Amino acid sequence: MNSFSIADELEQAVNNVLAGVETAGVNADLEIGDLVSIASELQHLPQPEFKALLKAELTGRTVSDSAILEPGVASRIEIATRVRRETEIPAAILPSLFGTNSDGYPQYQRSMAASLFMHVTALALVVVSGVWAARHPVIKPIVTARMISLADYPLPPSASIAHGGGGGGDHDKLKASMGAPPKFAAEQLTPPVVVMRNLHPMLPVEPTVLGPPDVIFPKMQTGDLYSKLLVPSNGVGFGGGVGDNQGTGVGNGKGPGVGPGSGGGIGGGPYSPGGGVSAPRPIYDPEPEYSDEARHAKFQGDVVLWVVIGPDGTPRDIHVQRSLGMGLDEKAVAAVKNWRFQPAMKDGRAVMVQVSIEVNFRLF
Amino acid sequence: MHLKVAENDTDERLLVEAAQRDPSCFAELYEQNFDRVYAFIARRVANREEAQDLTAEVFHQALAGIGRFEWRGAPFVAWLLGIAAHVMSAHWQRNPKRQEILAEDLELAGNDGSIERRAMIFQLVESLPEDQRLVVVRRFVEQRSIREIAQEFSRSEGAIKQLQLRALRNLRTRLRSHHEQL
């Protein structure tokens with residue numbers, strides 16, 4: 001048998017092998033039988049590029065780096081790789097995560113894992129920040145301040161005390177001498193005197209003036225606070241007190257009180273707007289700040305300040321009339337202290353007035 | 001020419017330890033054992049694509065788990081074939097056409113002469129002359145007809161048949177030579 005006939009017979013046997021036809025015992029020729037047994041093994045031969053491709057995958061090299069590939073094999077490797085990956089559902093969904101190569105470029109699972117971690121972290125940050133922002137809305141503090149009518153917030157001392165006064169004297173040659181009034185009392189039994197005329201009274205009673213008992217004068221020789229005269233004198237007035245007018249009080253007023261005015265209490269002091277006295281007008285009024293403590297506690301409300309506006313337009317003697325606490329009182333006082341006013345006017349000249357200022361602290 | 005194997009257990013152990021320290025050294029173990037693993041799987045699955053997929057899965061798992069490999073005297077390929085058995089078992093559990101790997105089949109895997117022979121043939125194909133190798137690939141891998149191959153290479157059908165004959169004879173001769181060396 002020549003080689004051509006052997007080749008033909010072998011081809012026939014190979015066709016049977018590839019077609020899945022049982023060939024055992026069919027080939028009488030021993031050589032053909034040997035060759036067919038090898039051919040039957042060759043039908044399971046892997047694709048030549050598969051081994052190189054898998055090696056490249058395992059070693060993390062690109063396909064083009066693999067020196068054992070023959071020209072033109074790279075494209076077939078890509079096709080084979082794609083076919084193999086398409087059979088794996090996860091690879092089809094996330095080729096770059098579960099694959100090690102894609103389109104000829106190396107991909108490292110460690111890098112992909114790091115990338116996935118960073119993306120998940122970034123997404124989590126966005127979600128968490130969104131939730132946090134929803135639970136912690138920005139609270140904008142709104143603070144307003146305005147002067148209010150005194151009628152709404154009457155001063156703690158009554159009007160009679162605030163605007164009262166007193167005076168007296170016993171027709172002395174000199175005006176009342178310098179000193180301090182005696183303590184206030186709700187009822188006056190003995191008027192104050194500087195020069196004692198009766199050294200041995202039948203019933204010694206401590207001298208007092210009529211006014212709020214909680215107001216305390218400095219302890220010193222009895223006399224008029226506004227006098228500069230050092231020589232003891234009850235004053236040129238009359239009525240029994242100390243002063244230059246009339247009554248049993250101290251000062252140049254009338255009555256049992258202290259200072260200008262009449263009817264008891266402390267006289268003098270600032271005017272109130274109205275009755276010929278114009279109201280002061282704020283010309284510089286920076287808004288108070290919200291205190292951190294109150295903002296965190298979401299605390300809001302109004303603070304009312306009692307303020308004296310001087311003839312120069314500056315506030316003084318600021319007192320908290322209605323307190324809120326949590327640092328808001330201090331913030332209100334600190335802000336109003338910096339306010340400047342066009343002063344109140346009376347009879348064409350600037351006068352000192354007392355006003356109340358309401359400071360509103362609101363959170364929105 | 002003979003099947004790529006480590007000269008002795010010591011060499012293979014050194015290769016395994018090197019791969020455990022540096023996974024890039026896994027390539028040598030892969031070259032030595034690819035044909036055996038592929039032949040083992042190809043004998044038990046229906047088609048080439050399935051065999052290639054499972055072989056790739058085996059080596060990926062082996063590379064991932066090389067750090068856990070403990071040398072107990074058995075050749076490294078036995079560990080790979082154990083992985084292959086598990087991979088095929090899992091594959092068949094997902095596949096309606098379920099098959100079973102008998103325990104004795106797995107025990108024989110390391111000493112299965114048919115696997116060794118097939119692996120040897122696969123490796124010998126790479127040593128064939130280029131024209132013979134291409135004919136083998138076209139005929140047996142791509143399963144093209146003699147006529148198609150002849151048209152591709154602009155040769156006569158008779159010439160292609162002669163190349164096929166020479167390729168198979170070459171493989172038989174080299175296979176015998178390998179057996180005589182053992």
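Structural data are supplied above this passage.
One structure accompanies this document, and this report is about it. From a predicted model like this one, the values you see are computed outputs, not experimental measurements.

**Topic: the overall build of chain B**
Argument step 1. Regarding its fold elements, chain B presents 9 helices and 0 strands.
Argument step 2. Ordered by position in the sequence, the α and β elements of chain B form the string α-α-α-α-α-α-α-α-α.
Argument step 3. Expressed as a percentage of the 182 residues in chain B, the buried residues total 33%.

**So, the overall build of chain A**
Argument step 1. Scanning chain A for helices and strands turns up 10 helices and 15 strands.
Argument step 2. Here chain A holds 364 residues, and the buried ones make up 34% of them.
Argument step 3. Residue pairs at least 24 apart in sequence account for 68% of intrachain contacts in chain A once pairs closer than 6 positions are excluded.

**Observations regarding the sheet that holds strand β8 (residues 250-256) of chain A**
Residues and elements named next belong to chain A.
Argument step 1. Overall, mixed pairing links the 3 strands, which are arranged β4-β8-β7 in an open sheet. Edge strands, defined here as strands with exactly one partner in the open sheet, are β4 (166-167) and β7 (242-243).
Argument step 2. With 2 bridges joining them, β4 and β8 adopt antiparallel strand pairing. By the bridge assignment, Gly166 is partnered in β8 with Pro256.

**As for the interface of chain B and chain A**
Argument step 1. Residue-level contacts link 34 residues of chain B with 29 residues of chain A.
Argument step 2. Every element with two or more residues in the side of chain B that touches chain A is listed here: α2 (26-42), α3 (48-65), α6 (113-125), α7 (130-141) and α9 (157-181) of chain B.
Argument step 3. Among the elements that line the side of chain B that touches chain A, the one with the most residues is α9(B), at 9 residues.
Argument step 4. Residues belonging to the side of chain B that touches chain A are distributed by class as follows: 21 nonpolar, 6 polar and 7 charged.

**Describing the nonpolar core**
Argument step 1. Judged by nonpolar contacts, the single largest core of 64 residues is most densely connected at Val37(B), Ile41(B), Leu80(B) and Ala84(B).
Argument step 2. Take this core: its biggest share by element is 10 residues, from α2(B).

**Let's talk about helix α7 (residues 109-135) of chain A**
Argument step 1. Here α7(A) spans 38 Å end to end across 27 residues, near enough to the 39 Å set by a 1.5 Å rise per residue.
Argument step 2. For α7(A), the buried fraction is low: 0 of the 27 residues fall into the buried class.

**Details of α7(B)**
Residue and element names in this part refer to chain B.
Argument step 1. In a regular helix each residue adds 1.5 Å, so 12 residues correspond to 16 Å; α7 covers 15 Å between its end C-alpha atoms and thus fits that length.
Argument step 2. Taken as a whole, α7 has its buried residues at Gln132, Val135, Val136, Val137, Arg139 and Phe140.
Argument step 3. Backbone geometry just downstream of α7 places Gln143 in the positive-phi region, at approximately 50°.

**As for the pairing of strand β10 (residues 301-309) of chain A**
Argument step 1. Two elements, β10(A) and strand β15 (residues 353-363) of chain A, share 9 bridges in a ladder whose sense is antiparallel. Of the residues in β15(A), the one forming a bridge with Gly301(A) is Phe361(A).

Conventions adopted
- Residues numbered from 1 in each chain as written.
- Chains lettered and ligands numbered in written order.
- Predicted model: local features only at pLDDT ≥ 70, side-chain atom pairs only at ≥ 80, totals over all residues.
- Helix = DSSP H or I, 4+ residues; strand = E, 2+ residues; numbered from the N terminus.
- Buried ≥ 20, exposed ≤ 12 C-beta atoms within 10 Å, placed from the backbone.
- Contact = placed C-beta atoms within 7 Å.
- Pairing = 2+ DSSP bridges.
- Nonpolar A, V, L, I, M, F, W, Y, C, P; charged D, E, K, R; others polar.
- Core = buried A, V, L, I, M, F, W, Y, C linked by C-beta atoms within 7 Å.
- Expected span 1.5 Å × (residues − 1).

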